[in-house]
Amino acid sequence: LRVDLRELIDAVRRHIRIVIAAVVVAALIAGLYVFTRNETRPADKFRAVANLQIPAQAAERKQPQPAVVAPTNMPPKLLRNPTAVALSGRVREQTLSESGVPRNDASVILGAALSDTGDIVTLTVTSAEADATNKLIGNYVQAFQDARRAVSAQSIQGGQQGLQEELKRLQSSLSAVESQV
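A quick note: this is a predicted structure, and the numbers were derived from the prediction, not measured. Sequence order sets the numbering: in each chain, residues are counted from 1 along the sequence as written. Residues qualify for local features only when their pLDDT is at least 70, as the model is predicted, and side-chain atom pairs are given and counted only at 80 or more; totals for whole chains, interfaces and linings, by contrast, use all residues. In computing side-chain properties, one takes all heavy atoms of the structure into account and sets aside hydrogens as well as water.

Trainee: I keep staring at empty space enclosed by the protein and nothing clicks. Help me out?
Mentor: Over the atoms, a rolled probe matching the size of one water molecule traces out where space is still vacant. Residues are said to line a cavity or pocket when one of their atoms sits within 4 Å of a point; the points come from a 1 Å grid over protein atoms alone, cavities being sets where a 1.4 Å probe fits but cannot get out and pockets being open sets with protein on both sides within 12 Å along at least five of seven lines. Grid points are joined across faces, edges and corners, and a volume is the space filled by probe spheres set on the points. Scanning all chains against the criterion turns up 1 cavity of 30 Å³ or more. Approximately 30 Å³ is the volume found for the largest cavity. Lining the largest cavity are Lys77, Leu78, Pro82, Val85, Ala147, Arg148 and Val151. In this text, helices come from DSSP runs of H or I with a minimum length of four residues, and strands from runs of E with a minimum of two, each type numbered from the N-terminal end. Top contributing element to the lining of the largest cavity by residue count: helix H6 (residues 130–180), with 3 residues. Looking at the lining of the largest cavity residue by residue, the classes come out as 5 nonpolar, no polar and 2 charged. By the convention adopted, Pro, Cys, Tyr, Trp, Phe, Met, Ile, Leu, Val and Ala count as nonpolar, Lys, Arg, Asp and Glu as charged, and the other residues, Gly among them, as polar.

So this is what it looks like as C-alpha cells:
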C-alpha cells in the first residue's frame, strides 16, 4: 500500500469540505480550551530593597577593602553577623507592628544579605500589597538601625559597669592604703 503525493493531493481535493471542516473544528476546540480553562494566577508580590552601609572590619591585604572601616573602639558585637540582627524576631516584630501588619501575617517576607566586603547590608521586603511593601521597608530599616543602637548601648553599658567596678575596687584599695598611713 503505497500512496504518493499526487494521490494524496487528489484525495484532499475530492474531500476539501471535510478537510476545511476538520481544521475549523480543531481551531474552535483549541480556542474554547484556551478561554475556558480555569487557570489561576498567583497573587502579585511586591518587593522593596534597601542597601545600608555599615562599618566593617578591615580586610586582609589581598581582599577588597570595605568603604567604611570600623574604628578600633567599636563594640565587636556590632561587627558580628548583622544579618542575624536584621532577621531577629525583635526586628520583625517591630517592623510589622509599626507598619500595622498583623504579627502572624505569612505574606510578608523579610530578608537580609551581607556584601562580600561586609560593609553593605541589603534588606528586602516582599509583600502582597505595594503600599504596604513601601511602608514595611522604611520600618524595617528603622527597626534594624534601632537594634544596632540597642547592641551598641548594651556594649557601652557593659563597659561602664566594668569601669565602675574597677573604680570601686581602686577606691577601696586607696581607702585601705590611707587607713594604714
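Past the structure itself, the notes keep going.
Trainee: Explain the packing of helix H5 (residues 89–99) against H6 here, please?
Mentor: When two helices pack together, their arrangement is captured by the angle between the axes and the distance separating the axes. Orientation is described by axes fitted as lines to C-alpha atoms, over the contacting stretch for helices, and by angles from 0 to 180 degrees between their N-to-C directions. It is at 8 Å that the axes of H5 and H6 come closest, and there the two elements cross at 140 degrees. Compared by their axis directions, H5 and H6 come out oblique. Here H5 and H6 pass one another in a crossing that is right-handed. Together, Arg90, Val91, Gln94, Thr95, Leu96, Glu98 and Ser99 of H5 and Lys135, Leu136, Asn139, Tyr140, Ala143, Phe144, Asp146, Ala147 and Ala150 of H6 make up the contact between the two elements. Partitioning the contact of H5 with H6 into residue classes produces 8 nonpolar, 4 polar and 4 charged. Small angles under 35 degrees read as roughly parallel and large ones over 145 as roughly antiparallel, with 65 to 115 read as roughly perpendicular and the rest as oblique. Take the far helix as the reference: if the near one is turned anticlockwise from it by less than a right angle, the crossing is left-handed, and if turned clockwise, right-handed. Contacts are assigned to residue pairs that have any heavy atoms within 4.5 Å of one another.

Trainee: Explain the nonpolar core here, please?
Mentor: A general trend in soluble globular proteins is that nonpolar side chains are found buried together. Side-chain atoms within 4.5 Å are what join buried Ala, Val, Leu, Ile, Met, Phe, Trp, Tyr and Cys residues into a set we call a nonpolar core. Burial classes: relative accessible area under 20% of the type maximum marks a residue as buried, over 50% as exposed, and values in between as partly exposed (1.4 Å probe, protein chains only). Grouped together as the largest cluster of nonpolar side chains are 20 residues, with contacts concentrated most on Val108, Leu123, Val125, Leu136, Ile137, Tyr140 and Phe144. Contributing elements (two or more residues each) for this core: strand E1 (46–53), H5, strand E3 (120–127) and H6. Counting residues per element, this core draws most heavily on H6, which supplies 7 residues.

Trainee: Which parts of the structure should I look at to understand the sheet that holds strand E2 (residues 109–114)?
Mentor: Strand pairing in a sheet takes place through backbone hydrogen bonds and is either antiparallel or parallel in direction. Strand order in this open sheet of 3 strands is E1-E3-E2, and the pairing throughout is antiparallel. With partners counted over all chains shown, the strands left at the sheet margins are E1 and E2, one partner each. The sheet shows a mean angle of 15 degrees between the axes of neighbouring strands, direction not considered. Lying over the sheet, H6 contacts E1, E2 and E3, oriented at roughly 145 degrees with respect to E3. At least two bridges found by DSSP between two strands is the condition for calling them paired.

Trainee: How do you make sense of the pattern of salt bridges when you look at a structure like this?
Mentor: Charged atoms that come close allow side chains of opposite charge to pair. What counts as a salt bridge is simple: a side-chain nitrogen of Lys or Arg found within 4 Å of a carboxyl oxygen of Asp or Glu. According to the stated counting rule, one finds 3 salt bridges in the structure shown. For the salt bridge of Glu93 with Arg103, the shortest nitrogen-to-oxygen distance reads 3.6 Å. Of this pair, Glu93 sits in helix H5 while Arg103 sits in the loop between H5 and E2, placing them 10 residues apart in sequence. Given a relative accessible area of 40%, Glu93 falls into the partly exposed group.

Trainee: When you look at the side chain of Asp119 in this model, what are you seeing that I'm missing?
Mentor: Looking at the element boundaries, Asp119 is found in the loop between E2 and E3. Of note is the side chain of Asp119, whose polar atom sits 2.5 Å from the side chain of Thr117. The contacts of Asp119, once residues within four sequence positions are left out, are Leu52, Gln53, Ile54, Ala56, Pro66, Ala67 and Val68. Contacts described as polar in this section are N or O atom pairs within 3.5 Å, which, within protein, must combine one atom able to donate a hydrogen with one able to accept it, while residues neighboring in sequence count only if both atoms come from side chains.

Trainee: In this structure, what is going on with the environment of Ser97? I would like to understand it.
Mentor: With respect to the secondary-structure elements, Ser97 resides in helix H5. Under the relative-accessibility criterion, Ser97 is labelled exposed at 53%.

Keep in mind these values describe shape, not function.
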